[in-house]
Amino acid sequence: MSNIKRIGVLTSGGDAPGMNAAVRAVARTCIHHNVECLGIKRGYNGLISGDIMPLDNSNVSGIMRLGGTILFTARCDEFTTKEGQEKAKATCKYLGLDALIVIGGDGTFRGAQAVSELGVGAIGIPATIDNDIACSNYTIGFDSACNTAVECIDKLRDTMLSHERCSVVEVMGRHAGHLALYVAIACGATAVLVPEYDTDIDNSIIERIRRSRIGGRTHFVIIVAEGAACGAHALSEKINESLGIEPKVTILGHIQRGGAPTARDRVTASRLGQYAVNLALEGKLGRVVAMNSGELFDYDINEALSMTKGLRESLYDNMNVVSW
Ligand code: F6P
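Residues numbered from 1 in each chain as written. Predicted model: local features only at pLDDT ≥ 70, side-chain atom pairs only at ≥ 80, totals over all residues. Heavy atoms only, no water.

Remarks on the layout of surface pockets
Going by this rule: Both site types are read off a 1 Å grid over the protein atoms alone. A 1.4 Å probe that fits but cannot get out defines a cavity, while an open set with protein on both sides within 12 Å along at least five of seven lines defines a pocket; lining residues have an atom within 4 Å of a point. Grid points are joined across faces, edges and corners, and a volume is the space filled by probe spheres set on the points. Under the scheme used here, helices are H or I runs from DSSP no shorter than 4 residues and strands are E runs no shorter than 2 residues, and both carry numbers assigned from the N terminus. Gly is placed with the polar residues, together with every amino acid not listed as nonpolar (Ala, Val, Leu, Ile, Met, Phe, Trp, Tyr, Cys and Pro) or charged (Asp, Glu, Lys and Arg).
Of the pockets and cavities examined, the largest pocket occupies roughly 600 Å³. Along the wall of the largest pocket there are 30 residues; nearest its centre are G13, R75, G107, T108 and R174. Examining the composition of the lining of the largest pocket, we find that six residues originate from one element, helix α5 (residues 106-117), more than from any other. Residue composition of the lining of the largest pocket, by class: eight nonpolar, twelve polar and ten charged.

So, in structure tokens, the structure goes:
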């Protein structure tokens, strides 16, 4: 028999397709175990102000296929202060929360770490299009964002091909290149620029376009991660200077965070949401749940935040060998 009677759930940081599926899974698992579930609005802002919505079967019904998050999301500056955290602790007490489940990225988990240190046990569910949570191979939203970016870039390719042009496309990912690399492979890009590798523009990017041109190609797609050392516009200028090609720059931007989640994100969110509630009911708090090779794991939140994650080298190699 668990002591946990009431669980709060919030979404925080940049939204990611599949967050709603995770909220639904948390609420439905709570209902299954006769535990009350409170949705906390606007991330940690709602935890400070007590802005909540009780979640029941009816208000989580039909949300799985929706992009965004019905709980709204925000990055909360006040919560980074000691005073803000104390206010949040008081709200948790007032609301009678026995545990808190937070859905988001590493900033969200740092919030969960702070709340846990104040005595409100939290569990993190990784959800970010950046896929940059070290303890988890996969984060909710990544697959949907990849597919959105690929769909856009396929469309760009049509017009680049007709006009025999070069397209330089910036994709999101903050400081990480996972999204850029995946998208580059999936689009058959000529080259990719990611923050994890120190790329010599002349010997790699320019040379790859040159070789591709010699091979007969007349249009090119170059993917640049937003965190790469050389930005899309600077790279475009370098291409122009070196090859006399005037690329068209497209910044895909926030469109990558929108849209209905893919089946992979819906299923991952459903599984991680249930797993997080089960952990809470077992009294295992201060954890981050993870999906590694299709299996579910959980890590101490401090350990999870101290881990690092690089790009998978075999993927980078695959891009370099197969994609032209
Ligand atoms: O972390 C998700 C993400 O979309 C990053 O890829 C990007 O750098 C950042 O959020 C953008 O944040 P904002 O929506 O606050 O501009």
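More follows now that the structure is in view.
Quick look at the site of the ligand
To keep it simple, the criterion reads: When we say a residue is near a molecule or strand, we mean one of its heavy atoms is within 4 Å of it. We call two N or O atoms a polar contact when they sit within 3.5 Å, provided that within protein one can donate a hydrogen and the other can accept it, with sequence-adjacent residues counted only if both atoms are side-chain atoms. Computed by Shrake-Rupley with a 1.4 Å probe, the accessible areas treat only the displayed protein chains as cover when residues are assessed. Pocket occupancy is defined atom-wise: a molecule lies in a cavity or pocket when more than half of its atoms are within 2 Å of its grid points.
In the vicinity of the ligand, the contacting residues are R75, T128, I129, D130, M172, G173, R174, E226, H254 and R257. Take G173: an N or O atom from its main chain is 3.0 Å from an oxygen atom of the ligand. Here an oxygen atom of the ligand and a side-chain polar atom of E226 are 2.5 Å apart. In isolation the ligand has 390 Å² of accessible area, and contact with the protein removes 75% of it. Of the pockets mapped on this structure, the ligand occupies the largest pocket. Residues belonging to the shell around the ligand are distributed by class as follows: two nonpolar, three polar and five charged.

Overview of helix α10 (residues 263-281)
To be explicit about the condition: Helix span, as expected, comes to 1.5 Å for every residue beyond the first. Exposure is judged per residue with a 1.4 Å probe applied to protein chains only, and the accessible area is read against the type maximum: over 50% gives exposed, under 20% gives buried, and values in between give partly exposed.
In a regular helix each residue adds 1.5 Å, so 19 residues correspond to 27 Å; α10 covers 27 Å between its end C-alpha atoms and thus fits that length. All of the buried residues along α10 are D265, T268, A269, L272, G273, A276, V277, L279, A280 and L281. Directly after α10, the chain includes G283, whose backbone phi takes a positive value near 80 degrees.

Topic: the side chain of S12
Quick note on the threshold: In what follows, residue pairs with any heavy atoms lying within 4.5 Å of each other are defined as contacts.
With respect to the element layout, S12 can be found in the loop between β1 (6-11) and α1 (19-32). The contact partners of S12, leaving out residues within four places of it in the chain, are M19, G43, Y44, T73, A74, I103, G104 and T108.

Focus on the pattern of salt bridges
Put simply, the rule is: Here, a salt bridge means any Lys or Arg side-chain nitrogen found within 4 Å of an Asp or Glu carboxyl oxygen.
This structure, assessed with the given rule, holds eight salt bridges. Put simply, E78 and K87 hold a salt bridge, and the shortest N to O gap is 2.6 Å.

What to know about the packing of helix α7 (residues 178-187) against helix α12 (residues 313-322)
As a reminder of what qualifies: Orientation is described by axes fitted as lines to C-alpha atoms, over the contacting stretch for helices, and by angles from 0 to 180 degrees between their N-to-C directions. Helix crossings get a hand from a simple test, with the near helix turned counterclockwise from the far one by less than a right angle marking a left-handed crossing and a clockwise turn marking a right-handed one.
One way to put it is that α7 packs onto α12 with a least axis distance of 10 Å and a crossing angle of 35 degrees. Read as a crossing pair, α7 and α12 show a hand that is left-handed. Here α7 contributes L181, Y182, A184 and I185 to the contact with α12, which in turn contributes L315, Y316, N318 and M319.

Observations concerning the environment of V194
Mapping V194 onto the fold places it in the loop between β7 (191-193) and α8 (202-214). Taking the C-alpha atoms as reference points, V194 and A229, separated by 35 residues in sequence, lie 7.9 Å from one another. Other than its neighbours up to four places away in sequence, V194 contacts G177, A180, L181, A225, A228, L311 and Y316.

With respect to the sheet that holds strand β6 (residues 166-171)
Spelled out, the test is: Strand pairing is assigned whenever DSSP detects at least two bridges linking the two strands.
One open sheet holds the four strands; their spatial order is β7-β8-β6-β9, and the pairing between them is parallel. In this open sheet, the two edge strands, each paired with only one partner strand, are β7 and β9 (248-251). For this sheet the average axis-to-axis angle between neighbouring strands, irrespective of direction, equals 20 degrees. Pairing of β7 with strand β8 (residues 220-225) involves three bridges; the strand directions are parallel. When the sheet's bridge partners are listed, V192 is paired in β8 with I223. Its contacts with the sheet place helix α9 (residues 232-243) against β6, β7, β8 and β9, and it is angled at close to 160 degrees to β6.

Here's the deal with the pairing of strand β4 (residues 99-104)
Which entries qualify depends on this criterion: Looking down the strands as they point away from the viewer, one classifies a crossover as right-handed if the path from the first strand across the helix to the second runs clockwise.
For β4, the buried fraction is high: six of the six residues fall into the buried class. Neither face of β4 is left uncovered, since the one carrying A99, I101 and I103 and the one carrying L100, V102 and G104 both have all their residues buried. Alignment of β1 against β4, held across five bridges, turns out to be parallel. From the neighbouring strand, I7 faces β4, where its bridge partner is A99. As judged from the five bridges shared by β4 and strand β5 (residues 122-126), these two strands associate in the parallel manner. Each residue of the ladder has a partner; that of L100, found in β5, is A122. For the segment spanning β4, α5 and β5, crossover handedness is right-handed.

Side note on the packing of aromatic side chains
Definition in use: Only rings of Phe, Tyr and Trp enter the pairing, Trp through its six-membered ring, and a pair is recorded when the two centres are within 6.5 Å. The plane angle decides the type: under 30 degrees is stacked, over 60 is edge-to-face, the rest tilted. In our convention, an over-ring charge means Lys NZ or Arg CZ found within 6 Å of a ring centre and within 35 degrees of that ring's normal.
In the structure shown here, the tally under the stated rule is four aromatic pairs. Centroid distance Y138 to F142: 6.1 Å. Interplanar angle 75 degrees. Geometry classified as edge-to-face. The burial state of Y138 is the same as that of F142; both residues are buried. Between F142 and Y182 the ring centres are 5.1 Å apart and the planes differ by 75 degrees, which places this aromatic pair in the edge-to-face class. Placement of F142 in helix α6 (residues 142-163) and of Y182 in helix α7 is noted, with a sequence separation of 40 residues between them. Of the residues examined, Y182 reaches a relative accessible area of 34% and is grouped as partly exposed. Every member of this aromatic cluster is reached through a ring pair, and the members are Y138, F142 and Y182. Above the ring of F72, the side-chain terminus of R42 is found at 4.6 Å from the ring centroid. Over the face of the ring belonging to W324 we find R208, whose NZ or CZ atom lies 4.6 Å from the ring centre.

Geometric descriptors of this kind do not, in isolation, establish any biological role.
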